[in-house]
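Structural description and commentary
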Amino acid sequence: MHVIKDDQGNPVSHGSGSSCISEHSCEGSGHGCGGCAQASGCGAKDDRQEALALLQYMIQHNAHHAAGLMPLADNLDKLGMGDAASQLREGASDFQKGNMRLSLALTLMKEHMKEA
């Protein structure tokens, strides 16, 4: 069982007391609840659909965090902390590189799902 958490680390639920395998928020994820695959009783499709929806969410989530690091790096430069700013920029680049791999995995998952 896995639980999706918000940016503050709090668990995000998606219903009232349902016993879903996965708890995540569809708001702002770009896929809408119609694409979610929760456990039976709350709109489940299957495990493949759930994995697809979660990966799509994580790619968007990572992109959002990577974008948020750049203004912070700029601020650190202004504060005379160029070495820390440089590390932040490299971290943002790592997010982007990781997202490229995740996007490839997503594409491959979709291909496998077409074949099934």
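Overview of the structure. Once a new chain begins, its residue numbering starts again from 1 and follows that chain's sequence as written. Reporting of local features is limited, given that this is a predicted model, to residues whose pLDDT is at least 70; pairs of side-chain atoms are given and counted only at 80 or more, and all residues count toward the totals for whole chains, interfaces and linings. Side-chain descriptors were evaluated using all non-hydrogen atoms of the structure, hydrogens and water having been removed beforehand.

Let's shift gears to the nonpolar core. To form a nonpolar core, buried Ala, Val, Leu, Ile, Met, Phe, Trp, Tyr and Cys residues must be joined to one another through side-chain atoms within 4.5 Å. Summary of the burial criterion: residues with accessible area below 20% of their type's maximum are buried, those above 50% are exposed, and those between are partly exposed, where the area comes from a 1.4 Å probe applied to protein chains only. With six residues, the main nonpolar core is built from Leu69, Ala73, Leu76, Ala85, Leu88 and Ala92. Only DSSP runs of H or I with at least four residues qualify as helices, and only runs of E with at least two residues qualify as strands; both kinds are numbered from the N terminus onward. If you list the elements that add at least two residues to this core, you get helix H1 (47-78) and helix H2 (82-115). Leaving out residues up to four positions away in the same chain, Ala85 has contacts with Ala73, Leu76 and Asp77. What makes two residues a contact is simply this: any of their non-hydrogen atoms within 4.5 Å.

This part takes up the environment of Ala105. With respect to the helices and strands, the residue Ala105 is situated in helix H2. The class of Ala105 is partly exposed, set by a relative accessible area of 30%. Along the backbone, Ala105 and Leu55 are 50 residues apart, and their C-alpha atoms lie at a distance of 8.7 Å.

Turning to the environment of Met58, a few remarks are in order. Tracing the backbone shows Met58 in helix H1. Take Met58: its relative accessible area is 31%, and that puts it in the partly exposed class.

Considering the arrangement of structural elements, one finds Ala51 in helix H1. Each C-alpha atom of the pair Ala51 and Met109 lies 8.9 Å from the other, and the pair is 58 residues apart in sequence.

If the charged atoms of two oppositely charged side chains come close together, the side chains can form a pair. One speaks of a salt bridge when a side-chain nitrogen belonging to Lys or Arg is within 4 Å of a carboxyl oxygen belonging to Asp or Glu. The tally for this structure, following the rule as stated, stands at four salt bridges. Taking the shortest distance from any N to any O, the salt bridge between Asp46 and Arg48 comes out at 3.0 Å. Judged by its relative accessible area of 41%, Arg48 falls in the partly exposed class. Notably, a salt bridge pairs Arg89 with Asp74, separated by 2.8 Å at the nearest N-O pair. With Arg89 in helix H2 and Asp74 in helix H1, this pair connects stretches of sequence that are 15 residues apart.

Right, let's get into the packing of H1 against H2. Helix axes are fitted only over the stretch in contact, all axes being lines through C-alpha atoms; the angle between N-to-C directions runs from 0 to 180 degrees. H2 packs onto H1 with a crossing angle of 165 degrees between their chain directions and a minimal axis gap of 9 Å. The orientation of H1 relative to H2 falls into the category roughly antiparallel. Once H1 is placed against H2, the crossing between them reads as left-handed. Side-chain classes are defined by residue name, with Ala, Val, Leu, Ile, Met, Phe, Trp, Tyr, Cys and Pro counting as nonpolar, Asp, Glu, Lys and Arg as charged, and the others, Gly among them, as polar. Broken down by class, the residue content of the contact of H1 with H2 amounts to 22 nonpolar, eight polar and five charged. Our angle categories are set so that under 35 degrees counts as roughly parallel, over 145 as roughly antiparallel, 65 to 115 as roughly perpendicular, and the remainder as oblique. Working rule for handedness: look at the near helix, and if it is turned counterclockwise from the far one by less than a right angle, call the crossing left-handed; if clockwise, right-handed.

From the geometry alone we can't say anything about function, so treat these as descriptive.
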